[in-house]
Amino acid sequence: MSVRPAWLSADVLRLPDPAVGTEHALAAQEAAADFEALPPLHESWRPRKVGIVGAGTMGGGIAMAFANVGVPVVLVDRTKADVERGIDRIRANYNHSVLRGRLDQTVADERLALISSSDQMEALAQADIVLEAVYEDLDLKRQVFVEIDQVAAADAILCTNTSGLDIDRIAGATGRPDAVIGTHFFSPANVMKLLEVISGKLTSPGTLAKALRIGKLIGKVTVPSGNAPSFIGNAMLADYRRETHFLVEEGAFPSDVDARLEDFGFAMGLYKVADMAGLDVALDARRKEMLTRPRDRRYSDLGFVPVEMGRFGQKTGAGWYRYEPGSRTPIRDPELDVALIEHSKRLGIPRREIGAEEIVARCLYALVNRGAWLLEKGVAAKPGDIDAVYVTGYGFPAAVGGPMLWADEVGLAAIADDITRLHDQFGYWWEPAPLLLDLAATGRRFGDLNTRMEVAP
Ligand SMILES: NC(=O)c1ccc[n+]([C@@H]2O[C@H](COP(=O)([O-])OP(=O)(O)OC[C@H]3O[C@@H](n4cnc5c(N)ncnc54)[C@H](O)[C@@H]3O)[C@@H](O)[C@H]2O)c1
């Protein structure tokens, strides 16, 4: 029997009525992009052509999203070989859908015919939406925006697919920062429903109106976010992932954490997701960050354990799990368990048995507390937006409504008490958001804030 931690008072495994959760999740998605104060955009406005810079994973997926609704796209990359690789991948994706009987060959051909390509930036001149999807590197993106600025039409809006870089720094590379906006798609971009739209300081309401319109056109759930590091979804993910790593360092195994999160209703545990995405992503950036870390808080380097064993995820047959050749079924691997136990020993952390309640509480509290901070700082406009982000972009169970509805249903008073105790005991990462404490103290719910519609400037 695992011990219930002393700081835990809430009944975290009690879930809302699935009908309530599902209805909330749908309403939150509907209300996300519902701005009253935007300039009118003619009802029939739609882009005549979309230009995409960077024909990689995201650029290709975004191109398909537009071609799928009949909008012509031009895909630009550095060299003919880069462009061809991008087009080949798109063709393979359409072929795959045809082979599985999900798409008619003629429709696939028509869609593919809408996607042209070039290794010259001048090809973007006819586009009224230019979307950048090159590597996640601020200097590179700024350079690419200088080039886009030179060739894009005067009334084009210029979008960046950055996962979390400063939109103002990117916009500042152009002579028209009012036309620049963040459009953060999720992978695969032709499938995933979520689109975070990030206005910079100088982004004009007209630019925002067009970005929201294109989101609607391609069938996305479009959620506005303030321009803060990692925006809404990935900022919350950082806290959530950190807690899963801490749990593993303290005694859980990745398969335990994933199983408990899947029992809760998540589409997939974070360790399985990581194996799919690849564990070697942004390794250099992560190593660099280690050099400037503040010393007053706990960090986890657990992510380097599999990487240093050459386990990069599904693509190498092993990551947080192992995979039989040709299979994508994750299997717990005793070889990794040994390395994880060794890692805890190195840190001087005695491993203990950790139960479902603690796993769910720490992961969900991390999401809820960060969500409350994002509301406090105006990065998220309303709690429903956070719920829409988590349900559509991060596999959060729609039947639970979203992390903020979950918190309302469990009870903010108990959650605020628990997080305060966690903060007293473990410090920095658990500093409770004043908004959470205030709602708890006044007997209100996050849901009471769902009438607020605007993102703070
Ligand atoms: N992969 C994801 O899951 C994901 C999710 C959301 C957002 N993003 C963001 O999307 C962006 C692209 O990511 P990706 O995974 O598609 O990367 P990728 O490596 O698959 O593709 C990047 C492409 O950009 C091209 N490129 C590089 N420099 C260029 C230049 N100067 N001019 C034209 N093309 C250039 C490369 O040749 C490559 O084809 C990044 O900002 C990333 O953070 C990625």
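The following paragraphs examine the structure supplied in this document. No experiment lies behind these values; they were computed from the predicted model shown.

### Focus: the overall build of the protein chain
Working step 1: Along the backbone of the protein chain there are 18 helices and 8 strands.
Working step 2: Computed over the C-alpha atoms, the radius of gyration of the protein chain is 23 Å, within 12% of the 23 Å expected from 2.2 N^0.38 for a compact globule of 457 residues.
Working step 3: Seen through its principal axes, the protein chain has C-alpha atoms that stretch 65 × 55 × 45 Å.
Working step 4: Sorting the 457 residues of the protein chain into buried and exposed places 45% on the buried side.
Working step 5: Considering only residue pairs separated by 6 or more positions, the protein chain has 73% of its internal contacts joining residues 24 or more positions apart.

### Considering the site of the ligand
Working step 1: In the vicinity of the ligand lie 23 residues, with Gly54, Gly56, Met58, Glu136 and Ser187 positioned nearest.
Working step 2: Secondary-structure elements contributing two or more residues to the shell around the ligand are α2 (57–67), α3 (80–99) and α5 (138–151).
Working step 3: For the shell around the ligand, the element with the highest residue contribution is α2, accounting for 3 residues.
Working step 4: Considered class by class, the residues forming the shell around the ligand number 10 nonpolar, 9 polar and 4 charged.

### A closer look at the pairing of strand β7 (residues 194–199)
Working step 1: Most of β7 sits out of view: 6 of its 6 residues are buried.
Working step 2: Side chains Leu194, Glu196 and Ile198 of β7 all project onto a buried face; the interleaved residues Leu195, Val197 and Ser199 project onto the opposite face, where all are buried too.
Working step 3: Sheet topology places strand β6 (residues 180–185) next to β7; 5 bridges connect them, and they run antiparallel. Looking across to β7, one finds that Ile181 is bridged to Ser199.
Working step 4: With 5 bridges connecting them, β7 and strand β8 (residues 221–225) associate as parallel partners. Among the inter-strand pairings, Leu195 is bridged to a residue of β8, identified as Thr222.
Working step 5: Since β7 and β8 lie parallel, the crossover through helix α7 (residues 205–217) that links them has a hand, and here it is right-handed.

Criteria and cut-off values
Position numbers for residues count from 1 along each chain, tracking the sequence in the order it is written. The model is predicted, so local features are restricted to residues of pLDDT at least 70 and side-chain atom pairs to those at 80 or more, both for listing and for counting; the totals for chains, interfaces and linings are taken over all residues. Only DSSP runs of H or I covering at least 4 residues are called helices, and only runs of E covering at least 2 are called strands; the numbering of each starts at the N terminus. Only the C-alpha atoms count toward the radius of gyration. The rule for a globule is 2.2 Å times the residue count to the power 0.38. Any residue whose C-beta has 12 or fewer other C-beta atoms within 10 Å is treated as exposed, any with 20 or more as buried, and any in between as partly exposed, C-beta atoms being built from the backbone. The contact rule is simple: place each C-beta atom from the backbone, and if two of them lie within 7 Å, those residues are in contact. Here, nearness is defined through the C-beta atom: a residue counts as near a molecule or strand if that backbone-placed atom lies within 6 Å of it. Throughout, the ten residues Ala, Val, Leu, Ile, Met, Phe, Trp, Tyr, Cys and Pro are labelled nonpolar, Asp, Glu, Lys and Arg are labelled charged, and all others, Gly among them, are labelled polar. Two strands pair under a simple rule: DSSP has to find at least two bridges between them. Crossovers are described as right-handed under a simple rule: with the strands pointing away from the observer, the path leading from the first strand over the helix to the second runs clockwise.

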